[in-house]
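Observations on the three-dimensional arrangement
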Amino acid sequence: MSTAQLVVQHLPYLRRYARALTGSQMAGDAYVAATLETLVSEPETIGPSGNVKVELFQVFTRIWNSLSVNGRSEQIQRDLPAEVRLGQITPLPRQAFLLSCLEGFGEEEVGQILGVDTQTVRDLVDEAGRELAADMATDILIIEDEPLIAMDLEALVEGLGHNVTGVARTRTEAVKLASTKQPGLILADIQLADGSSGLDAVNDLLKSFEVPVIFITAYPERFLTGERPEPAFLIAKPFQPANVSAVISQALFFQQSARRREVRATA
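Residues numbered from 1 in each chain as written. Predicted model: local features only at pLDDT ≥ 70, side-chain atom pairs only at ≥ 80, totals over all residues. Heavy atoms only, no water.

As named in an unreviewed UniProt entry, the chain is CheY-like chemotaxis protein, taken from Microvirga subterranea.

Right, dumping it as structure tokens:
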């Protein structure tokens, strides 16, 4: 497959990223068009032996960051509430967040695209996660049977500005707590104290309401083979606090975006 064909293959993803970054498909496509014009005039920018997708996003990023107006926050086109939040995030953390959480690039790939090292990528994603979380505070139910881990998670999410509605150690406790106050997000282990399953607990809860779920578990294979709910995210133990922070913000951000799209579709 030629380089041109590979570029075309990745264009839908670049358009998606540009749309999220600018807040407008029209504005995003203008940057994508400028990227393609650069590739026509500088065909050597993308080599046949390199990672075409990473190099394509590198060219886009070079163009985006070359304009001083894009170095300020709140320059995003504000047509969706979720994108208002993105516009308020410092520009470089916003790019790192979208590249990793929306486009699924690994830390090294994000570093190549932004021209920074891996640790800086982690710091940027963490910063973006904290900025987003501060603007999307919600009630969180923790389903975790290890007291020390539950305490760590409770401190972490409260530090982000969220409220912990309760900590459940079993499937039964989780259902009882959720019936008292419906959470906006669930953090759940899979293997619980009495031998019950966090997966089953979450599936019970989602019969009554829909919220994003993040499974934090030492048994990721059970998530992959069990009856897992959607939307759900997976973090393996032992976890890094920065990773949990970023995934919480990712889950809440895209959940609110999806709800807004549903409202627009039915209007």
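Once the structure has been displayed, the description carries forward.
Here we come to the environment of Leu 14. Relative to the elements of secondary structure, Leu 14 occurs in helix α1 (residues 3-22). Here Leu 14 falls in the buried class, since its relative accessible area comes to 0%. Along the primary structure Leu 14 and Leu 56 are separated by 42 residues, whereas in three dimensions their C-alpha atoms are 8.1 Å apart. Look past the residues within four positions of Leu 14 in its chain and what remains in contact with it is Val 32, Thr 35, Leu 56, Phe 57 and Phe 60. (Helix = DSSP H or I, 4+ residues; strand = E, 2+ residues; numbered from the N terminus. Buried < 20%, exposed > 50% of the residue type's maximum accessible area, 1.4 Å probe, protein only. Contact = heavy atoms within 4.5 Å.)

Bringing helix α2 (residues 25-41) into the picture now. Here α2 is 17 residues long and its end C-alpha atoms lie 24 Å apart, about the 24 Å a rise of 1.5 Å per residue gives. Of the positions making up α2, those classed as buried are Ala 27, Gly 28, Tyr 31, Val 32, Thr 35, Thr 38 and Leu 39. Relative to the axis of α2, the buried residues are bounded by an arc of 140° and lie together on one face. Of the residues in α2, the exposed ones pointing more than 90 degrees away from the buried face are Met 26, Glu 37, Val 40 and Ser 41. The inward-facing, buried residues of α2 contact α1 and α3 (52-66). (Expected span 1.5 Å × (residues − 1). Arc of directions from axis to C-beta.)

Across soluble globular proteins, nonpolar side chains have a tendency to be buried as a group. In this structure, Phe 60, Leu 187, Ile 214 and Ile 248 are the most contacted members of the largest nonpolar core, which totals 55 residues. Counting residues per element, this core draws most heavily on α3, at 8 residues. Built from parts of two domains, this core gets at least three residues from each of domain 1 (3-132) and domain 2 (137-266). Other than its neighbours up to four places away in sequence, Ile 248 contacts Leu 156, Val 157, Leu 160, His 162, Leu 185, Leu 187 and Ile 214. (Core = buried A, V, L, I, M, F, W, Y, C linked by side-chain atoms within 4.5 Å. Domains from an automatic or database assignment.)

Another point: the UniProt feature "modified residue: 4-aspartylphosphate" (unreviewed entry) in the chain. Here the UniProt feature "modified residue: 4-aspartylphosphate" (unreviewed entry) sits at Asp 189. Here Asp 189 falls in the buried class, since its relative accessible area comes to 4%. Here Asp 189 is in contact with Ile 143, Glu 144, Asp 145, Gly 198, Phe 215, Ile 216, Thr 217 and Lys 237, once residues within four sequence places are set aside. (UniProt positions renumbered as here; feature names shortened; annotations may be inferred.)

This part takes up the packing of α1 against α3. When two helices pack together, their arrangement is given by the angle between their axes and by how far apart the axes lie. Here α1 crosses α3 at 40°, and the two axes come no closer than 10 Å. Here α1 is positioned oblique relative to α3, judged by the angle of their axes. Seen along the crossing, α1 lies across α3 with a hand that is right-handed. Residue-level contacts link Leu 6, Val 7, His 10, Tyr 13, Leu 14, Tyr 17, Ala 18, Leu 21 and Thr 22 of α1 to Val 52, Lys 53, Leu 56, Phe 57, Phe 60 and Trp 64 of α3. Grouping the amino acids of the contact of α1 with α3 by side-chain chemistry returns 12 nonpolar, 2 polar and 1 charged. (Axes fitted to C-alpha atoms, helices over the stretch in contact; angles between N-to-C directions. Parallel < 35°, antiparallel > 145°, perpendicular 65-115°, else oblique. Left-handed = near helix turned anticlockwise from the far one by under 90°. Nonpolar A, V, L, I, M, F, W, Y, C, P; charged D, E, K, R; others polar.)

As a further point, take the pattern of salt bridges. Using the criterion set out here, one finds 10 salt bridges in the structure. Where Arg 15 meets Asp 29, a salt bridge forms, and the shortest distance between an N and an O atom there is 2.7 Å. One end of the pair, Arg 15, is in helix α1; the other, Asp 29, is in helix α2, and 14 residues separate them in sequence. On the basis of relative accessible area, Arg 15 is assigned to the partly exposed category, the value being 35%. Linking Arg 16 and Glu 103 is a salt bridge whose minimum nitrogen-to-oxygen distance equals 2.8 Å. In this pair, Arg 16 is assigned in helix α1 and Glu 103 in the loop between α5 (91-102) and α6 (107-114), connecting sequence segments 87 residues apart. Sharing partners across several salt bridges, the network here consists of Arg 171, Asp 200, Asp 204 and Lys 207. (Salt bridge = Lys/Arg side-chain N within 4 Å of Asp/Glu carboxyl O.)

To continue, consider the pairing of strand β1 (residues 139-143). The buried fraction of β1 amounts to 5 of the 5 residues, a majority that puts the element mostly inside the structure. Residues of β1 alternate between two faces, with Asp 139, Leu 141 and Ile 143 on one and Ile 140 and Ile 142 on the opposite face, all of them buried. Here 5 bridges tie β1 to strand β2 (residues 163-168), and the two strands are oriented parallel to one another. Across the sheet, the residue bridging to Leu 141 is Gly 166, located in β2. With helix α8 (residues 147-159) bridging β1 and the parallel β2, this β-α-β connection has right-handed handedness. (Pairing = 2+ DSSP bridges. Right-handed = clockwise from strand over helix to strand, strands pointing away.)

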